[in-house]
Amino acid sequence: MLKRVHFPASVLPYLLVAPQIVITLVFFIWPASQAMYQSFLIEDAFGLGTEFVWFENFQILATDHHYLASFQRTAVFSVLVAALSMGFALILAGFAQRVVRGAMFYRTMLIWPYAVAPVLAGALWVFMFNPTLGIFPYFLEFAGITWNHYLNGPQAMALVILAAAWKQVAYNFLFYLAAMQSIPNSVIEAAAIDGAGPARRFWTIIFPLISPTTFFLLVINMVYAFFETFGIIHAVTQGGPGTSTTILVYKVFNDGFVGLDLGGSAAQSVVLMVLVIAMTVVQFRFVERKVAY
Amino acid sequence: MVENRPLTAFLTHLVLILGVIAIALPVWITFVASTHDELRMNQAPLPLWPGDYFLVNMKQTLFGSGLSGTESAPVWLMLLNSLAMALMISTGKIAISLLSAFAIVYFKFPFRMGFFWMIFITLMLPVEVRILPTFEVVANLGMLNSYWGLSIPLIASATATFMFRQVFLTVPDELLESARIDGAGPLRFFFDILLPLSRTNIAALFVILFIFGWNQYLWPLLITTDTSMTTIVMSIKQMLEAAEQSPQWNIIMTTALLAMIPPVFVVIAMQKLFVQGLTETDK
């Protein structure tokens, strides 16, 4: 942590950490503690007075079926996003690590969507699936499916899941590919000499050996689906139709900025903070136990 | 490749090419939309092959007055705003993280670990979970509608601090000993030895943070109300809303294309640094 050889204490180290600490205090710790404080308050209907109510906001949340439904929806959404993008990335990485000629080309062509902002990913997909003009609804019509994500809840959910998973494939692919390339060749060759074909080698050797990466990516993808997909939801569905795509992070925004329910929104923020802390702890525990081959 | 099987090799390339096509399809359709005129973009089925209005659309998007019937800043100004925000966020994050990592690794002073944990906590407080109170702080400081408001609240960084801490810990102790024998003070050591040694790490981190900064959405959306401060990424949402009245998809999709070209270019042109930055900051 500290260098064995180091400089003596003086005023300098305080000056060095000052910018980071000031910004952290003003824009992170103070607002977060405000959110916590506000989550214990209820404002009256006219905004004239506030009352300290301890955990009443949380009790309201725990019995609010809109909130519980949003929780459930977020779980479904994030699991499907993670499964879809990780599955797709695993297949592509499994094939890409076999390639010698053109390996660089494939990697480049598969990682660039990382740089596309979530809201832009949403815009691209909402254009492709525009009910009157889009390419996909036009072809789906031939299959007898009428596509309109402005009216059909499950279709809206499917669209945001597709857009969110599309953007995340690049990230998962990169980490899977790196993990597969770090497996020693001798292990793979030994299996080949014993007569295991490519598919068998993949499932009995490569896949178990990269399981730490799978776990790491699972946590990262859950965090991504929980928090970073706000832009996609905002651009594609605005949480609708009805509330069928209102995930937790969208609900915090909507209740706070549109509904102006400060206490309720703050209580939701606190719940989200607890979730992030849990995910971060899981992620760091994993890093400490990283498996070496 | 372990063995030579022509059929498997063929299958491998087939799957990869299909994967590349599936990933590129949304952007291809966007590109095609930016090469047709408004009339063509309102007839289903939409074209799948480029037309020849690309330059016309580019010119109208960049320097025209935006979508008809809406009031917004010209797109070239939005691109400049985005560039300024991305550069301020990335250089700001790198600068303050370098300094705090240097202090934590190379100095022994009271509350050192306290500061370390305080920085660590920022990892657990993404902007999405503290939207309202952070907005209030920025409003009270009078930083709404300014570049400072766009960038400063986002530049505290636990990941960057950890990464530089990791880098500094691998620097041999002998370097500091010999520097001190030669009479160098802490700042001299920092600028003449540590900074040059961590050059590639800084570059790799810069690539990641530039993309992070450019793609900010929720934060600029909250704190900019003045159209002259709009960033290109947030303008897309306003255009999609306007599209319900005037569906000028050729212009909207040209804007989307312009919004993603800079970060995508950075990833492709600096691929090696990008991969290094991504794997270093997240593990």
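Residues numbered from 1 in each chain as written. Chains lettered and ligands numbered in written order. Predicted model: local features only at pLDDT ≥ 70, side-chain atom pairs only at ≥ 80, totals over all residues.

A closer look at the overall build of chain B
And step 1. When you go through chain B residue by residue, the secondary structure sums to 14 helices and 0 strands.
And step 2. Its helices and strands in sequence order give chain B the pattern α-α-α-α-α-α-α-α-α-α-α-α-α-α, from N to C terminus.
And step 3. For chain B, the C-alpha radius of gyration of 24 Å lies well beyond 19 Å, the compact-globule estimate for 283 residues.
And step 4. Projected onto its principal axes, the C-alpha coordinates of chain B cover approximately 75 × 65 × 35 Å.
And step 5. Counting all 283 residues of chain B, 43% fall into the buried class. (Helix = DSSP H or I, 4+ residues; strand = E, 2+ residues; numbered from the N terminus. Rg over C-alpha atoms; globule rule 2.2 N^0.38 Å. Buried ≥ 20, exposed ≤ 12 C-beta atoms within 10 Å, placed from the backbone.)

A short note on the overall build of chain A
And step 1. Assigned secondary structure in chain A consists of 13 helices and 2 strands.
And step 2. Taken against the 2.2 N^0.38 rule, which gives 19 Å for 293 residues, the C-alpha radius of gyration of chain A at 24 Å runs more than 25% over that of a compact globule.
And step 3. On the principal axes, the C-alpha backbone points of chain A span a range of 80 × 75 × 30 Å.
And step 4. Counting across all 293 residues of chain A, residues that qualify as buried make up 43%.
And step 5. Here the contacts in chain A between residues at least 6 apart in sequence split such that 69% fall between residues at least 24 apart. (Contact = placed C-beta atoms within 7 Å.)

Overview of the interface of chain B and chain A
And step 1. Chain B puts 80 residues into the contact, and the matching count from chain A is 82 residues.
And step 2. Of all the secondary-structure elements, those providing two or more residues to the side of chain B that touches chain A are α1 (6-33), α3 (75-106), α4 (112-121), α5 (131-140), α8 (173-181), α12 (232-242), α13 (249-269) and α14 (271-282) of chain B.
And step 3. For the side of chain B that touches chain A, the class distribution of residues is 59 nonpolar, 13 polar and 8 charged. (Nonpolar A, V, L, I, M, F, W, Y, C, P; charged D, E, K, R; others polar.)

Topic: the packing of helix α2 (residues 54-63) of chain B against α13 of chain B
Residues and elements named next belong to chain B.
And step 1. Put simply, α2 and α13 touch, their axes get as near as 9 Å, and they point 80° apart. By the criterion of interaxial angle, the relationship of α2 to α13 is roughly perpendicular. Only Asn250, Ile251, Thr254, Thr255 and Leu258 of α13 make contact with α2, whose side of the interface consists of Asn57, Met58, Gln60 and Thr61.
And step 2. Of the residues assigned to the contact of α2 with α13, the class counts are 3 nonpolar, 6 polar and no charged. (Axes fitted to C-alpha atoms, helices over the stretch in contact; angles between N-to-C directions. Parallel < 35°, antiparallel > 145°, perpendicular 65-115°, else oblique.)

Some details on the confidence of the model for chain B
And step 1. Here chain B averages 85 in pLDDT, and 96% of its residues register 70 or above.
And step 2. Here the predicted complex carries an ipTM of 0.87, next to a pTM of 0.89. (pLDDT = per-residue confidence, 0-100.)

Re α5 of chain B
And step 1. Restricting attention to buried positions, one finds in α5 of chain B the residues Ile131, Leu132, Pro133, Thr134, Phe135 and Val138 of chain B.
And step 2. Glycine 142 of chain B lies just past α5 of chain B and shows a positive phi near 70°.

Some details on unusual backbone geometry
Residue and element names in this part refer to chain B.
And step 1. Its identity is not glycine, yet phenylalanine 111 carries a phi of approximately 70°, on the positive side.
And step 2. Topologically, phenylalanine 111 is positioned in the loop between α3 and α4.
And step 3. Overall, the presence of 12 C-beta atoms within 10 Å leaves phenylalanine 111 in the exposed class.
And step 4. Of note, asparagine 145 is a non-glycine position whose phi angle comes to about 55°, a positive value.
And step 5. As for its placement among the helices and strands, asparagine 145 is situated in the loop between α5 and α6 (147-151).

Focus: the environment of valine 127 of chain B
All names here are of chain B.
And step 1. By the element assignment, valine 127 lies in the loop between α4 and α5.
And step 2. Of the residues examined, valine 127 has 19 C-beta atoms within 10 Å and is grouped as partly exposed.
And step 3. Once the C-alpha coordinates of valine 127 and leucine 154 are considered, the two residues, 27 residues apart in sequence, prove to be 8.3 Å apart.
And step 4. Setting aside anything within four residues of it in sequence, one finds valine 127 in contact with Thr134, Leu218 and Trp219.

Considering the packing of α1 of chain B against α13 of chain B
Residue and element names in this part refer to chain B.
And step 1. Two elements in contact, α1 and α13, have axes separated by 8 Å at closest approach and are oriented at 125°. The orientation of α1 relative to α13 falls into the category oblique. By crossing handedness, the relation of α1 to α13 is classed as left-handed. Where α1 abuts α13, its residues Thr30, Phe31 and Ala33 lie against Trp249, Asn250, Met253, Ala256 and Leu257.
And step 2. Residues that form the contact of α1 with α13 fall into these classes: 6 nonpolar, 2 polar and no charged. (Left-handed = near helix turned anticlockwise from the far one by under 90°.)

What to know about the nonpolar core
And step 1. Counting residues in hydrophobic clusters, the biggest one holds 157 residues, and the most contacted among them are Leu120 and Phe173 of chain A.
And step 2. Element by element, the count of residues in this core is highest for helix α7 (residues 153-181) of chain A, at 19 residues.
And step 3. Not counting residues up to four positions away in its chain, the partners in contact with leucine 120 of chain A are Val233, Ile236, Ala256, Ala259 and Met260 of chain B. (Core = buried A, V, L, I, M, F, W, Y, C linked by C-beta atoms within 7 Å.)

Looking at the environment of isoleucine 205 of chain A
And step 1. Locating isoleucine 205 of chain A in the fold gives a position in helix α9 (residues 198-209).
And step 2. Ignoring any residue separated from it by four or fewer positions in sequence, one finds isoleucine 205 of chain A in contact with Val187, Ile188 and Ala191 of chain A.

Notes on the environment of isoleucine 202 of chain B
And step 1. With respect to the helices, strands and loops of the structure, isoleucine 202 of chain B is situated in helix α10 (residues 199-214).
And step 2. Judged by local crowding, isoleucine 202 of chain B falls into the buried class, with 20 C-beta atoms found within 10 Å.

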